Amino acid sequence: LPCSRSSLLIKSRQIRISSIPCILPLPHSPLTSLKMVTGGLPAPPPPRPSGRQFPSNRRWNISMAIQLLALLSIAILVTFAVTVRNHVVLSDSNAAIRDGSQHGAPQSDKKLKVPPPAEEARKRVQKEIASLENELDEMGKKYMEVGLEFESLKSSLERVATKKARDVANVEGDQRASDGNEKQAQQAPLTPPKPQFEEREPKRWWIQQEVFDMSDYSSEKSSGGEEGAIIPIDLSVNHLQRIEQAGGSPNDISSMTVEEEFLPVVLPSDIEFRWRSKVRPGSKPGDAIKTSAYRIVARRAHSSKNDGGGDGAILWDTGRVETANGLPDVVKWNTFEHEVAVGTVVEWRVSVWDSSTADNPNEPSVSRWSKFAVGPSDDEWQGKWISHPLDVDSFEKTDSAAFWKNDDKAQEIACSNWERRSQPPLFRAKISSYDLYKDGSDDDEIATALLVISGLGSFRASIDGEPLSSSGPLDPPFTDYAQRVSYRGFDITNYFTKGDNKENTHVIGVTMGSGWWDHRPIKGSFIRLFLLPRGAITCIAQIYVTYKSGKTEVLLPTGNKASGWQVAKGPIRESSLFTGEYIDLKSMASFDGWDTDRQWATISPNNEDQHSWVEPVAYESDTTLRIWRYQLEFKAAALSKPDDSIGPIQPKHKLAPIGKLIPIQAPPVMPTERLYPDEIYSLGDGRWMIDFGKGISGVLRFESGLPDPIVPPNGKYPRAHNMATLGPNDKFITVVHGESLEMTTGDINLAVVAGMGLHDSGPQHKSREAGWAESKGGPCYPKDHDAGSLLQRDVYILPANEEGSNQGSFSDARQSHFTTHSFRFAEICCTTEPPTGITALAYRTAFAEWGNFASSNVRLNGGYELIKNAMNSNMLSVQSDCPHREKIQYGGDIIADSPAAMHWYDLSAFYRKAIFDWVDQQWDNGAYAGTSYWLNLNDYAGIGQGAGETVWATAPLVMTARHMWHYGDLKLLNETMRHNMEWMRFLLKNFDDGMKKKGYDEELKGYVKEGSGLGDWLTFRGRDTWLTHQSFYMAAARCIAYISAKLGQSNELSEMDDLAKSVEGRIARIYLKNGKDYFTPPEAAGGNLSPGPEMSLFSRVVPGEKRCTVLRNYFRREGHTWPGSDEKNFLNSIDDDYLKEMITTGEVSKRGKDWSMGWSQWQGFNEGILAVKYSLKTLSDNGFHNVALNKASGFGCGSFEYMLSHNATTMWESWWRSEDLYSHNHPMLGASAEWMVSSVAGVGLHPKTTGGSTVLFWPRFPNSANVLEFAGATQGTRRGDFSIAWKFEDLPDNRDLYASASVTVHIRLFVPPDGKSVLRIPEYSNGEGVDASMKYATSVPNLDEALMLSSEECLSRRDAKMGFSYNFEFSNKTRLFSKVERKKAIGTPCHSFLFHSTLDDTTWGETKTVTGISTNGIEVPLVAGLYDILVSNWQLRPEVATSNGRIGSIPDYFKSEDVGPYCADSDTFDWNIEDASHLI
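Residues numbered from 1 in each chain as written. Predicted model: local features only at pLDDT ≥ 70, side-chain atom pairs only at ≥ 80, totals over all residues. Heavy atoms only, no water.

Enquirer: I'm lost on the state of the cysteines in this one. Help?
Expert: As used in these notes, a disulfide is a covalent bond between sulfur atoms, one from each of two cysteines. For the structure on display, the rule yields four disulfides. There is a disulfide in this structure between Cys415 and Cys780, and the S-S distance comes to 2.1 Å. The S-S bond linking Cys415 to Cys780 shows a torsion near 90 degrees; that makes this disulfide right-handed. On the criterion of sequence distance, the pair formed by Cys415 in helix H9 (residues 408-420) and Cys780 in the loop between helix H14 (772-777) and strand E32 (793-798) is long-range, its members being 365 residues apart. What makes Cys780 buried here is its relative accessible area of 0%. Between the sulfur of Cys1354 and that of Cys1390 lies a disulfide, 2.0 Å long from S to S. (Disulfide = S-S within 2.5 Å. Helix = DSSP H or I, 4+ residues; strand = E, 2+ residues; numbered from the N terminus. Buried < 20%, exposed > 50% of the residue type's maximum accessible area, 1.4 Å probe, protein only.)

Next comes the structure, spelled out in structure tokens:
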């Protein structure tokens, strides 16, 4: 009988009935020493409880007798049932095991060969079997009742008995009672049944084989020339690169006085140089292997021009420095011997020698000049923070705590005060030629001029009416402003030295926005902005002028009356990161030229107009950082009791403290892309819809301004476009932004983009009452937002004057500056015609992009683009989860998605800043928060005392290790080690007790569904939160051990490695104790929770001897139907033809009486935020890449196809459709993007590398070419760009043969100079090797040209919309959804540049053959160069089917005699201290 029919589930005592392992709930009694029925296993000896012993009594004996009778009855019934069944062959479909809860041990496929009975007799016997099984079930229930009664009696008799044994492998290693060994024996599981399959013997699988030795490369060296083979590129200082012009900038830098839009600024004591390497076309491979020497020259900027050419005024010259190991990880400026003054603007370049120039010092390759500035430390600032007097006066002491408690009156006062100051100010100051050239001597000639500046909330700087940068929405970047505030530096030398500028007077202008500092005080629902530091909008600035004599002066410091700074309320009525801007066009016209000398005016003390220029006042906080942090710690429960000596537990200040000024740590938020409308169409009554074709985070820009507005014909404005707070003669145009449309109305879906989640679910959903958003938003909820939702809306206003006429013009409108919106669609209302010259500016932190992927599979490509578009939208100074509702940085999201993000971008500076964001949020007890900034979000899910959920709060440790893996920054490890160790000490002290308080039993008794925590967030399954808590506790210890190894700190390494192994052992023991080898909680159904075993397989937690068995059992997992409300609504409104098609494909099946969509384990995703990565990587790395491909390119609910078919262009927050809750622009589930690069294409960082110096090429292929025909990717690193491409050649014309043909696999690889790599030679999933022929280019072709032409061809294909091809669209006529063919760009297949036709003439060297073997895999080390690999006679195969259609398991694999060699690879049994990839 199937085990499920004969199992009795109480506790965890195993017996065997008819050789089928089953769970029997036996209490400890003499019965447990019996051997049960046939082939029964011996039970462990009964326990010897400490404490008082109770004698047996009559009730005890009666209970024993009842148990014995029950067992005998069951044995008789089972024997009879087995006898009957042995004469009947049941169908596989009925006997198949559907999920882990129904398994004892793997079932044999072997069937008895018996004569087929007559149909009638077969049905009769089956009916008898069913009847017997029902009787068994009834017996089981009765036995369970008896068992429970017995347990109740026993419990009452043994109240004083000691508890059962605890886990002796606790992480502290603390000593248990002296009888711990005896208790451990009591807990030990019964010996599991003998494995059904003979597993492979453990062995190290991958063996390195040298194919090309150095003599091969050295024979292909040039005889020398004018330039070297290696070109230094991407120069950076402290991980920051100068940005001449942002990709989407509306500024024309070529016609401007300023030379760049972003200038890195560093402190004089902390200057580190880095660069990357690129090969010169035509170079010989032997010359480009590595850098042999370098030279850095740093000079005072502009000095070559001002001093008559040459290298100019040299500040530092390293001379030629030999480097045996190639490109250095970092070169530090020796400031002890070569000081550089604060305020200096520095230009620098690097020269490199390689093999072709090694013996000729005059022939290096030389980079372009780059630039940075040397800025002041916090105590070197002369300027002070200044504000508008009205802004300072509008704060009251009660405002700071008004929203910390439900004080309606205080909240109303705080809101009224904010409304008084809602208009952000403008600051300006004037500097004359007299200030710059005081005595006219040659010594006073200006060499450089540097403006350093910051502002809270956000600022944009200008000189003489010219913007210095296109940044602004979030400048400075979001940090804990009470602890650290970034400042920018601008090289303004040309304004004072170029042409006639020397004689002119100049005006410095600063435009301000509210940012995160003085936002509208909306109460919020779960985004608690009132926990942020808050104060009057404020600015600080000063100019460093350095003269040729070497003298430096500080001019125009803010806060100094002699500087003459002025402030006025500007034309922005309100700026909000969440709700947008109100722009007063009349006021804007009156301020035209305000930051130029022609509009300068002295302050008029008697002018009371709100826009008049007045003298600023000093910003002076009336509290301290210590008090503020104490109040937050008490709020976070990180303090157990108040300390009156510090201050009150709730804020009672007017103005928050401002932290230390530091040079900007990451590039600013800038427009990185400009988009043009994909479609513009009328919605009627003057309302226009603009579709930009993909979702972004940004703003609209109107190059030609806006047309004049109209009033809708009926006088009633459409939903979300009403402006009830304006005057009757005021004119306005509203721009509403959204990432998706209401599927049944075509209007923008407001609910899913509502800031702070404040919405009433929208007109199509009634999950919340009308007025819910306004109620939750409190007294400062915007009165104009009367659509039941907090809107993403910009409003351009032209107010009427007293005579009723208007001044100013809508043609002057350009864009909002201090907000960003998440949108693909924008509604403009109301105008007769749509605006002309309209574009969208996509904003994100302006780090460099260096990774890409493309393939033949439209769904994979589409998924990659969905994730990338969402990632781009959520990188605005922090890595946020969604760019509208929350905008803040979550630890879980960064842990899940950072591998994908580090594929696309150089995040060396960005993630460095993110780690320090968490350091700022560490409480004094050592606990890390789950978010940065701390907003009291999800703290319930942590272990208490201020700690965030364990996964989320461990982000800074995981990210520090990953940063080292990718970027090799030892300084970061040193700077953060103390803080990370404090977190570990906190965990050591509190983790176990915290888990107990959360309700977790030490042995996981009663744990059958998700516990308390976030875990694998938004999985279709329940979340195994115990596993994720424990695993990330382990990961934290591993991270410290990894970091300690890099720093050479042996004590910490040993301590943390032991701790990690202890927690690892705890997980393995508990998850294997029931003997099923599913690696799931001992009492939970095997397939119910997520992560399943995939996370523990990936992170080397599953013991080596169990890896293959656990992997095999993983394929027993199944999907299920899904009762989502939006899916139900869709199925109720789908046309019959497509419903039939969905039923046929298995996308829809019955759930009870109704049709329901289903989610799949193997043909789609069901995993949450964490397990997406683990499932795909585990499958591909263990020989089941075909299954991973089927998951990622699957269809239906829980797939990329599902999102794309519902018109998505950015990743959704959930795998299911949500029109009233979850975001449609959310990269959280996007870990698969990195898998596409590393597994589908086959390039990723080697697990044991540091600083990205070595890459692993591991191309893997589908079973069938119907799934994938080609793929390619580029992975950037600190060394350079590594690329791979592969394709099937010789495919048959008939696609029906794509699953059976023999083809050629063609692979090309490129390794950049100073890079190293390892290629794993392709082999079949069972480990069978193949022969591969390899050769390298004897002269490196022009890869830049191939890349450029290939990109142009890909853009042409995208313009032709050759990607995903259909949508589900709703017809207002039929009131039904139907599948509509709709050509799209997203998902368009494009070939890699490595196969571009321009490379056809490449000259290749000698072909070398690598002979495949079946006993080991082969790794080939490769140095810099272009390689070509051919694998002939590669045999394609059909895909493996699942049971029960789309949502079934894969019996072919869990019944397989051999699951391949990779799970038996001894290198994967234990985590290696050098391995950053498998830390977790």
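Enquirer: How should the sheet that holds strand E41 (residues 1148-1151) be read in this particular structure?
Expert: Hydrogen bonds between backbone groups are what pair the strands of a sheet, and the pairing can be parallel or antiparallel. Read from one edge of the open sheet, three strands run E40-E42-E41, paired in antiparallel fashion. The sheet terminates laterally at strand E40 (1120-1122) and E41, the two strands that pair on one side only. This sheet shows a mean twist of 65 degrees between the axes of neighbouring strands, independent of strand direction. Taken together, the four bridges between E41 and strand E42 (residues 1154-1159) define a ladder with antiparallel strand orientation. Each bridged residue has a counterpart across the sheet, and for Ser1149 the counterpart in E42 is Ser1156. Against the sheet, helix H25 (residues 1125-1132) engages E40, E41 and E42, with an angle of about 130 degrees to E42. (Pairing = 2+ DSSP bridges. Axes fitted to C-alpha atoms, helices over the stretch in contact; angles between N-to-C directions. Contact = heavy atoms within 4.5 Å.)

Enquirer: Can you walk me through helix H26 (residues 1136-1145) in this structure?
Expert: Note on helix geometry: an α-helix contains 3.6 residues per turn, so any two residues three or four positions apart are oriented the same way. Within the sequence span of H26, burial applies to Tyr1138, Leu1139 and Met1142. Taken down its axis, H26 places every buried residue within 105 degrees of arc, on the same side. Relative to its buried face, H26 has exposed residues pointing more than 90 degrees away, namely Asp1136, Asp1137, Lys1140 and Thr1144. The positive-phi residue at the C-terminal boundary of H26 is Gly1146, with phi of around 85 degrees. (Arc of directions from axis to C-beta.)

Enquirer: Would you mind going over the packing of aromatic side chains with me for this structure?
Expert: The relation between two aromatic rings is expressed through the spacing of the ring centres and the mutual angle of the planes. Under the definition given, this model contains 66 aromatic pairs. Linked through ring pairs, Phe847, Phe853, Tyr864, Trp904, Tyr905, Phe910 and Tyr911 together constitute an aromatic cluster. Between the NZ or CZ atom of Lys551 and the centre of the ring of Tyr547, over which it lies, the distance is 5.2 Å. (Phe/Tyr/Trp six-rings, centres within 6.5 Å; stacked < 30°, edge-to-face > 60°. Lys NZ or Arg CZ within 6 Å of the ring centre and 35° of its normal.)

Enquirer: How do you make sense of the environment of Gly1087 when you look at a structure like this?
Expert: Tracing the backbone through its elements, the reader meets Gly1087 in the loop between helix H22 (1050-1072) and strand E39 (1089-1090). Judged by its relative accessible area of 5%, Gly1087 falls in the buried class. Sequence separation of Gly1087 and Phe1115 is 28 residues, and the distance between their C-alpha atoms is 9.8 Å.

Enquirer: Whenever I open this one, unusual backbone geometry confuses me. Can you help?
Expert: Note: most residues except glycine have negative phi, and most peptide bonds are trans. Cis geometry is adopted by the peptide bond preceding Cys830, which originates at Cys829 and carries an omega value of 0 degrees. With respect to the element layout, Cys830 can be found in the loop between strand E33 (821-829) and strand E34 (838-845). Residue Pro1091 follows Ser1090 across a cis peptide bond; omega there is 0 degrees. Structurally, the position occupied by Pro1091 is in the loop between E39 and helix H23 (1093-1098). Notably, Met756 is not glycine yet its phi reads approximately 60 degrees, a positive angle. Of note, Met756 is situated in the loop between strand E31 (731-738) and H14.

Enquirer: Looking at this structure, how should I read H25?
Expert: What H25 keeps buried is the set Asp1126, Glu1127, Phe1130 and Leu1131. An end-on view of H25 places all buried positions within 135 degrees of arc, on one side of the element.

Enquirer: Hey, could you run me through the pairing of strand E48 (residues 1316-1320) in this one?
Expert: The side chains of a regular strand alternate between both faces of the sheet. The element E48 is extensively covered by neighbouring structure, given that four of its five residues are classed as buried. As defined by bridge partners, strand E44 (residues 1254-1257) adjoins E48 across four bridges and the pair is classed as parallel. By the bridge assignment for E48, Phe1257 is matched with Leu1319. Inspection of the sheet shows E48 paired to strand E53 (residues 1417-1422) by four bridges, in the antiparallel sense. Its bridge partner lying in E53, Val1318 is registered against Pro1421.

Enquirer: Honestly, the pattern of salt bridges in this entry has me stumped. Any pointers?
Expert: Where charged atoms from two side chains of opposite charge approach closely, those side chains can pair. Under the counting rule described, the total for this entry stands at 68 salt bridges. For Asp518, the salt bridge goes to Arg421, with nearest N and O atoms at 2.8 Å. In this pair, Asp518 is assigned in the loop between strand E20 (506-513) and strand E21 (538-547) and Arg421 in the loop between H9 and strand E15 (425-431), connecting sequence segments 97 residues apart. Accessibility assignment for this pair places Asp518 and Arg421 in one class, buried. One salt bridge in this structure joins Arg484 and Asp920, with 2.5 Å as the shortest N-O distance. Taken together, the residues Arg484 in strand E19 (residues 484-491) and Asp920 in helix H17 (residues 908-920) connect sequence positions 436 residues apart. Like Asp920, Arg484 is buried. Within this structure, Asp270, Glu272, Arg274, Lys332, Arg912, Asp969, Lys971 and Glu975 form a network of salt bridges that share partners. (Salt bridge = Lys/Arg side-chain N within 4 Å of Asp/Glu carboxyl O.)

Enquirer: Please explain the pairing of strand E50 (residues 1366-1371) as it appears in this structure.
Expert: By the bridge criterion, six bridges tie E50 to strand E51 (residues 1376-1381) in an arrangement that is antiparallel. Residue pairing in the sheet places Phe1368 in a bridge with Lys1379 of E51. Taking the residues between adjacent antiparallel strands as the criterion, E50 and E51 are bridged by four residues, where Arg1375 takes a positive phi near 60 degrees.

Enquirer: Is there a simple way to think about the sheet that holds strand E18 (residues 466-467) in this case?
Expert: Taken together, the five strands give an open sheet; going across it, the order is E18-E17-E20-E15-E23, and neighbouring strands pair in antiparallel fashion. In this open sheet, the two edge strands, each paired with only one partner strand, are E18 and strand E23 (566-569).

Enquirer: Looking at this structure, how should I read the environment of Arg299?
Expert: Structurally, Arg299 can be placed in strand E7 (residues 293-300). Remark: the alpha-carbon pair of Arg299 and Lys371, spanning 72 residues in sequence, is separated by 9.5 Å. Polar side-chain contacts of Arg299 include one of 2.7 Å to the side chain of Glu347. (Polar contact = N/O pair within 3.5 Å; in protein donor to acceptor, adjacent residues only side chain to side chain.)

Enquirer: Can you walk me through the side chain of Glu886 in this structure?
Expert: Note that Glu886 resides in the loop between helix H15 (858-873) and strand E36 (889-890). On the basis of relative accessible area, Glu886 is assigned to the buried category, the value being 3%. Reaching out from Glu886, the side chain makes a polar contact with the side chain of Arg885 at a distance of 2.4 Å. Among all residues touching Glu886, those that are not within four sequence positions of it are Trp516, Phe526, Ile527, Phe578 and Asp881.

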